[in-house]
Amino acid sequence: MTDTEPAPAVRETAESIATMEIRGAATIASAAAEALAEQAEAAAAADATASDPAAFRASMRAAARTLRETRPTAVSLPNALRYVLQRMEGDSVDRLRLSVADASEAFVRQLDRAQEDLGRVGANRLADGDTVMTHCHSTDALACIEAAVEQGKSISAVVKETRPRQQGHITAEQLRDAGVPVTLIVDSAARRYLDEVDHVVVGADSIAADGGVINKIGTSGLAVNARERGVPIMTAAQTIKLHPETLTGHTVEIEMRDESEVIDAETRGEIGEIAVENPAFDVTPPRYMDAIVTEQGQFPPESIVTLMRELFGEGAAEPWAEP
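Here the structure is a predicted model, which means the values were calculated and not measured. (Residues numbered from 1 in each chain as written. Predicted model: local features only at pLDDT ≥ 70, side-chain atom pairs only at ≥ 80, totals over all residues. Heavy atoms only, no water.)

Caption draft 1: Representation of the packing of helix H6 (residues 139-150) against helix H7 (residues 168-177) within the structure. Look at H6 against H7: their axes get within 11 Å of each other, and the N-to-C directions meet at 20°. Viewed along their axes, H6 and H7 adopt a mutual orientation that is roughly parallel. Handedness of the H6/H7 crossing: right-handed. Together, Leu142, Ile145 and Glu146 of H6 and Thr171, Gln174 and Leu175 of H7 make up the contact between the two elements. Looking at the contact of H6 with H7, its residues break down into three nonpolar, two polar and one charged. (Axes fitted to C-alpha atoms, helices over the stretch in contact; angles between N-to-C directions. Helix = DSSP H or I, 4+ residues; strand = E, 2+ residues; numbered from the N terminus. Parallel < 35°, antiparallel > 145°, perpendicular 65-115°, else oblique. Left-handed = near helix turned anticlockwise from the far one by under 90°. Contact = heavy atoms within 4.5 Å. Nonpolar A, V, L, I, M, F, W, Y, C, P; charged D, E, K, R; others polar.)

Structure (structure tokens):
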């Protein structure tokens, strides 16, 4: 291994993330943090970096860049890298190595219990006898409902099917497995059924510094309707979903998915010349969201920026970049 060459464990992890053998926000973040710890061990043992703190730091930055480039649009991956590298400190290679190992271990330990902790926080917002409306499929949102059930609360659910991929079917099945009575509805019926709902619970793909929630398309419209109906709505999301780049005004890119999810080729041909768009996400302004629930507690959307800075630093810091 040269002074900036990633360790084999880093290259293997990067390949697994790139090929989606490792997938899911928490799994990707955990793997990246552990790969940095492996890099620290390898660099500390290498002739070129064992006695040179500057070379050690350079090797850590290079390893982080290798990991970062695998999924450039993922949020949890750079957050894992930020968490570990921003806690790398010391005036000797051994101290640097220990700080990386400690930061990686702390990050993974936090991830391991994050969803359970988040679930307990969110469950406290739900009362016995509540009916909850969900949108799309979020394991964080499900954790809140399941924790409420485990507390002995009677909870029922109205589940939006969430077109075009109908992820609501997954939510419906998992809630039924948890013993929650489920009513499945088409997306366009949401406003009607809000009159029968006590709380709306959604997840998040990412959360901006101003408290804007980027989530499955349809979340924003649901939030506006919930506010008009006086139904509280919360976002359940682990802190790895926070989007530090937005601290500097970066706009979150909305993925446009294939039109075949919306309409098949034969039907499209029968209709004639039309444009078909299929945005995967939308942005819910913070004024329409009552609370953001994380493993660190619940926050008004407008104050989430404080937590973001505490965990990942100021602005769009890129500690993997060359100085």
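We are not done yet, so read on.
Caption draft 2: The arrangement of the packing of helix H4 (residues 76-85) against helix H5 (residues 93-123) in detail. It is the contact of H4 with H5, at a shortest axis distance of 8 Å, that shows an interaxial angle of 135°. As the angle between them shows, H4 and H5 are arranged oblique. Seen along the crossing, H4 lies across H5 with a hand that is right-handed. Residues Ala80, Tyr83 and Val84 of H4 touch H5, and the partners they reach there are Val100, Ala103, Ser104, Ala106, Phe107 and Gln110. Split by residue class, the contact of H4 with H5 holds seven nonpolar, two polar and no charged.

Caption draft 3: Layout of the nonpolar core. Formed by 67 residues in total, the largest nonpolar core has its most connected members in Leu36, Phe56, Met60, Phe107, Met133, Val200 and Leu242. Structurally, this core is a two-domain feature, drawing no fewer than three residues from each of domain 1 (8-116) and domain 2 (124-312). Not counting residues up to four positions away in its chain, the partners in contact with leucine 36 are Met60, Ala63, Ala64, Leu67, Leu81, Val84, Leu85 and Val100. In this structure, Leu118, Ala141, Ala148 and Ile155 belong to the second largest nonpolar core, which totals 22 residues. (Core = buried A, V, L, I, M, F, W, Y, C linked by side-chain atoms within 4.5 Å. Buried < 20%, exposed > 50% of the residue type's maximum accessible area, 1.4 Å probe, protein only. Domains from an automatic or database assignment.)

Caption draft 4: Structural context of the domain arrangement of the protein. Each assigned domain of the protein is listed here: domain 1 (8-116) and domain 2 (124-312). Just the C-alpha atoms count here: the centres of domain 1 and domain 2 sit 31 Å apart. Contact with domain 1, which involves 16 residues of that partner, is made by 18 residues of domain 2. Counting the surface lost from both domain 1 and domain 2, the interface buries some 1300 Å², and carbon and sulfur atoms represent 54% of this. (Buried area = accessible area lost by both parts, 1.4 Å probe.)

Caption draft 5: Molecular detail of the layout of surface pockets. Computed from the structure, the largest pocket encloses a volume of approximately 1500 Å³. Residue lining of the largest pocket: 43 residues in total, with Arg71, Asp205, Lys241, Glu255 and Phe281 positioned closest to the centre. Elements represented by at least two residues in the lining of the largest pocket include exactly helix H2 (25-45), H4, H6 and strand E6 (213-216). The greatest single-element share of the lining of the largest pocket, amounting to three residues, is contributed by H2. Per-class residue counts for the lining of the largest pocket are 15 nonpolar, 16 polar and twelve charged. (1 Å grid on protein atoms, 1.4 Å probe; cavity = no way out; pocket = protein on both sides within 12 Å on 5 of 7 lines; lining within 4 Å. Points joined across faces, edges and corners; volume = space filled by probe spheres on them.)

Caption draft 6: Empty space enclosed by the protein, seen in detail. Taken as a whole, this structure holds one cavity of 30 Å³ or more when the rule is applied. In this structure, the largest cavity occupies an estimated 50 Å³ of space. Around the largest cavity sit Thr134, His135, Cys136, His137, Ser138, Ala141, Leu142, Ile145, Thr171 and Val201, which together line it. For the lining of the largest cavity, the element with the most residues is H6, which contributes three residues. A breakdown of the residues in the lining of the largest cavity according to their chemical character gives five nonpolar, five polar and no charged.

Caption draft 7: Here's a closer look at the sheet that holds strand E3 (residues 182-185). If you walk across this open sheet you meet the seven strands as E3-E2-E1-E4-E7-E9-E10, and the pairing is mixed. Of all the strands in the sheet, the pair left with one neighbour each is E3 and strand E10 (297-299). Taking the axes of each pair of neighbouring strands and ignoring which way they run, one obtains an average angle of 25° across the sheet. Those strands touched by H7 are strand E1 (131-134), strand E2 (156-160) and E3, and its axis lies near 165° from that of E2. (Pairing = 2+ DSSP bridges.)

Caption draft 8: View of the packing of aromatic side chains. Counted under the stated rule, the structure contains one aromatic pair. Between tyrosine 83 and phenylalanine 107, the aromatic rings sit 5.0 Å apart at their centres with planes inclined by 45°, giving tilted as the arrangement. Taken together, the residues span a long stretch of sequence, with tyrosine 83 in helix H4 and phenylalanine 107 in helix H5 at a distance of 24 residues. One Lys or Arg, arginine 87, reaches over the ring of tyrosine 83 and ends 3.7 Å from the middle of that ring. (Phe/Tyr/Trp six-rings, centres within 6.5 Å; stacked < 30°, edge-to-face > 60°. Lys NZ or Arg CZ within 6 Å of the ring centre and 35° of its normal.)

Caption draft 9: Spotlight on the pairing of strand E9 (residues 291-294). Going residue by residue along E9, you find Ala291 and Val293 tucked away on one face and Ile292 and Thr294 tucked away on the opposite face as well. One ladder, built from three bridges, connects strand E7 (residues 233-236) with E9; its direction is parallel. Looking at the pairing, alanine 236 lines up with valine 293 of E9. Relative to E10, E9 is paired through three bridges, and the arrangement is antiparallel. Looking across to E10, one finds that threonine 294 is bridged to glycine 297.

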